[in-house]
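Commentary on secondary and tertiary structure
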Amino acid sequence: MGEDYSNLQKMYQQRFQTQGQQTRMPKEPSSYRPKNNAGCGVVAALAAGIFIAAGVAVFLFLSEGSFDVLKEKVSETTSQEDKQEPMQKTSSKKKPGGTLTNAVIIPGDEGRQRIWLQSWEMKGSKYLLNTYLYDPFEKEMLGYTGVTSANYPPLYEMLYVNGDIWKINSSSGPNKAGVYTYDPVTGSEKMNTESFCQKFEELNDGLTQIYYYPNPPRMNIETADGRKPVYDITSDKLYAGDTEFRNSFKDKKNNMTVFALGIENSGESARKRLFLVTGPESRLWSRSVEEYYFTSSSTLKFMLNAESKVIAKGKVFLEGVMLYQDDDACFVFHQDKTGSNAERFLSCIDKSGTVIWSESTDGDLTRKLRASDDNSLSSMFFVKNGIKLSRSGNLILFIYDRYGFYGFDFKTGKVLFEVEMK
């Protein structure tokens, strides 16, 4: 949408700050004051509690191994909650359910790809974390396992690399940064954070934070002893830092061409055009080009030693977001007009600038993704963080927020399947 986001952001910042201040501010002292005899009763109760607590402490101290037994019981509960068991076939679940957190394609023959996905749901006072292996073409549940946790599900990324499912947790609240890999068919854990850290001496002190980047798949890591290495997932290589990782591309002199959305006029940030950018691989390896580089041809040349040309001429991708690109095509999520009541589109465009197909929120695409006057959180500023797209062969997997996912045919845009989570 074309409005200035600064006011919207300020509004939400002020709202969250006000809530935070209300949470942190001490409560006003009560006007109620106990009578003297009530105060004596409270003091007596506190004294009795302290006496009982002291007695329990003395008993545990005198009982050999009592603390070790208690510690063992706590660890036992924690490990049971955190451990994911191998998947099993289930007849009670016909399709995935819960709040969707992530999904990836497991490659296979055309029309036989499967989906590995995870979701969560409340079970009493705890969370049930679901993992599914699902055949969306036959609508068949191939495997399921559930893990109970006392903590809200962590923020994580999921990807399929070199035959394994990777799950990467960032540190959030009580959830620690972590790395896990699984067999995509059985669901068995192949590697966890501890075994990952054991592979590299630099990680032996443990991880405190992980930041994931998709192109190429990598983790920027922060360790307990202050290191900041970078791990390249595809090549299974650890670099000392971001500079060393980036320098690994400096000798790549071949030219490459990537798609990019750009703003031609700095004062018109909603209006984005589609460009093909050609330059050295040493500068374009991440397939990411800043939108404002296109306000001047000299800026792109200076920053990336690259050149660009407009494709899909005459077409403007309002509020456009680049969801995915490869050597064949790119996928842009955009809308038909600025404002808070707009139709949205998912468009597939090839290198000639031809829009191969486009799906609309007024057509086959869910209306949950439409811009609405009734929902201030439906602006592109918020929605773009809840949509993802990936490709395997002729299958396009489109995930929307917490609600579900679509499978599209790459060549035609035909909806191959749709799963709405409940």
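Residues numbered from 1 in each chain as written. Predicted model: local features only at pLDDT ≥ 70, side-chain atom pairs only at ≥ 80, totals over all residues. Heavy atoms only, no water.

**A word on the side chain of Asn-394**
Short version of the rule: Note on conventions: DSSP H or I runs of at least 4 residues are helices, E runs of at least 2 residues are strands, and numbering of each starts at the N terminus. Exposure is judged per residue with a 1.4 Å probe applied to protein chains only, and the accessible area is read against the type maximum: over 50% gives exposed, under 20% gives buried, and values in between give partly exposed. Contacts were defined at the residue level, with two residues in contact if any of their heavy atoms lie within 4.5 Å.
Relative to the helices and strands, Asn-394 resides in the loop between β20 (387-392) and β21 (395-400). A residue is classified by how much of its surface remains accessible, and Asn-394, at 18% relative accessible area, is buried. With near-sequence residues (within four places) excluded, Asn-394 lies in contact with Glu-110, Gln-113, Phe-408, Asp-409, Phe-410 and Lys-411.

**Concerning the confidence of the model for the protein chain**
Just so we agree on the cut-off: The pLDDT value tells you how sure the predictor is about a given residue, anywhere from 0 up to 100.
Put simply, the protein chain has an average pLDDT of 83, and 80% of its residues get 70 or more. Long-range and interchain partners of residues 1-47, a stretch whose pLDDT sits below 50, account for 23 contacts in this model, where long-range means more than four residues apart.

**Looking at the pairing of strand β22 (residues 404-409)**
The cut-off we apply is this: At least two bridges found by DSSP between two strands is the condition for calling them paired.
The buried fraction of β22 is high, at six of six residues. Alternating residues of β22 divide into Gly-404, Tyr-406 and Phe-408 and Phe-405, Gly-407 and Asp-409, and every residue in both groups is buried. Direction of pairing for β21 relative to β22: antiparallel, over a ladder of six bridges. Pairing of Tyr-400 across the sheet is with Gly-404, part of β22. As consecutive antiparallel partners, β21 and β22 are separated by three residues, and within that stretch Asp-401 has a phi angle of approximately 45°, a positive value.

**Remarks on the nonpolar core**
Counted only if it meets this: For this analysis, a nonpolar core means a set of buried residues of the types Ala, Val, Leu, Ile, Met, Phe, Trp, Tyr and Cys, connected via side-chain atoms within 4.5 Å.
Counting residues in hydrophobic clusters, the biggest one holds 20 residues, and the most contacted among them are Phe-333, Leu-346 and Phe-398. Residue assignment for this core shows that the elements contributing at least two residues are β16 (318-325), β17 (329-335), β18 (344-350), α8 (380-383), β20, β21 and β22. Once residues within four sequence positions are removed from consideration, Phe-333 is found in contact with Glu-319, Gly-320, Val-321, Leu-323, Arg-344, Phe-345, Leu-346, Leu-365, Leu-369, Met-380, Val-383 and Ile-387. With 18 residues, the next largest nonpolar core counts Met-191, Phe-200, Leu-203 and Ile-210 among its residues.

**Describing the environment of Ser-119**
Quick note on the threshold: N or O atoms closer than or at 3.5 Å make up a polar contact, with two conditions inside protein: a donor-capable atom paired with an acceptor-capable one, and, for residues adjacent in sequence, both atoms drawn from side chains.
Note that Ser-119 resides in strand β2 (residues 114-123). For Ser-119, a relative accessible area of 3% puts it in the buried group. Each C-alpha atom, one on Ser-119 and one on Ala-103, is 9.0 Å from the other, the two residues being 16 residues apart in sequence. For Ser-119, the residues in contact, after removing those within four places along its chain, are Gly-97, Gly-98, Thr-99, Leu-100, Thr-101, Leu-128, Leu-129, Asn-130, Tyr-132 and Met-421. At a separation of 2.6 Å, a polar atom in the side chain of Ser-119 contacts the main-chain carbonyl oxygen of Gly-97.

**Regarding the pattern of salt bridges**
What counts here: Each salt bridge in this description consists of a side-chain nitrogen of Lys or Arg and a carboxyl oxygen of Asp or Glu lying within 4 Å of one another.
Within the structure shown, the criterion is met by 18 salt bridges. Put simply, Arg-112 and Glu-138 hold a salt bridge, and the shortest N to O gap is 3.5 Å. Here Arg-112 is found in the loop between β1 (99-106) and β2, whereas its partner Glu-138 is found in the loop between β3 (126-135) and β4 (140-149), with 26 residues between them in sequence. Using a relative accessible area of 42% as the deciding quantity, one classes Arg-112 as partly exposed. Between Glu-291 and Lys-272 there is a salt bridge, with the nearest N and O atoms lying 3.1 Å from each other. Placement of Glu-291 in the loop between α6 (281-284) and α7 (297-304) and of Lys-272 in the loop between β13 (255-262) and β14 (273-280) is noted, with a sequence separation of 19 residues between them. Salt bridges linked by common partners bring Arg-112, Asp-135 and Glu-138 together as one network.

**Some remarks on the pairing of strand β6 (residues 164-169)**
Along any regular strand, the residues point their side chains to alternate faces of the sheet. Among the six residues that make up β6, six are buried, leaving the element largely enclosed by the rest of the structure. Taking every second residue as pointing to the same face, both faces of β6 are buried, with Asp-164, Trp-166 and Ile-168 on one and Ile-165, Lys-167 and Asn-169 on the other. Note: strand β5 (residues 156-161) against β6, six bridges, orientation antiparallel. Each residue of the ladder has a partner; that of Met-158, found in β6, is Lys-167. Counted along the chain from β5 to the antiparallel partner β6, the turn is two residues long, and its residue Asn-162 has a positive phi close to 50°. Summarising the sheet, β6 and strand β7 (residues 178-182) pair through five bridges and their orientation is antiparallel.

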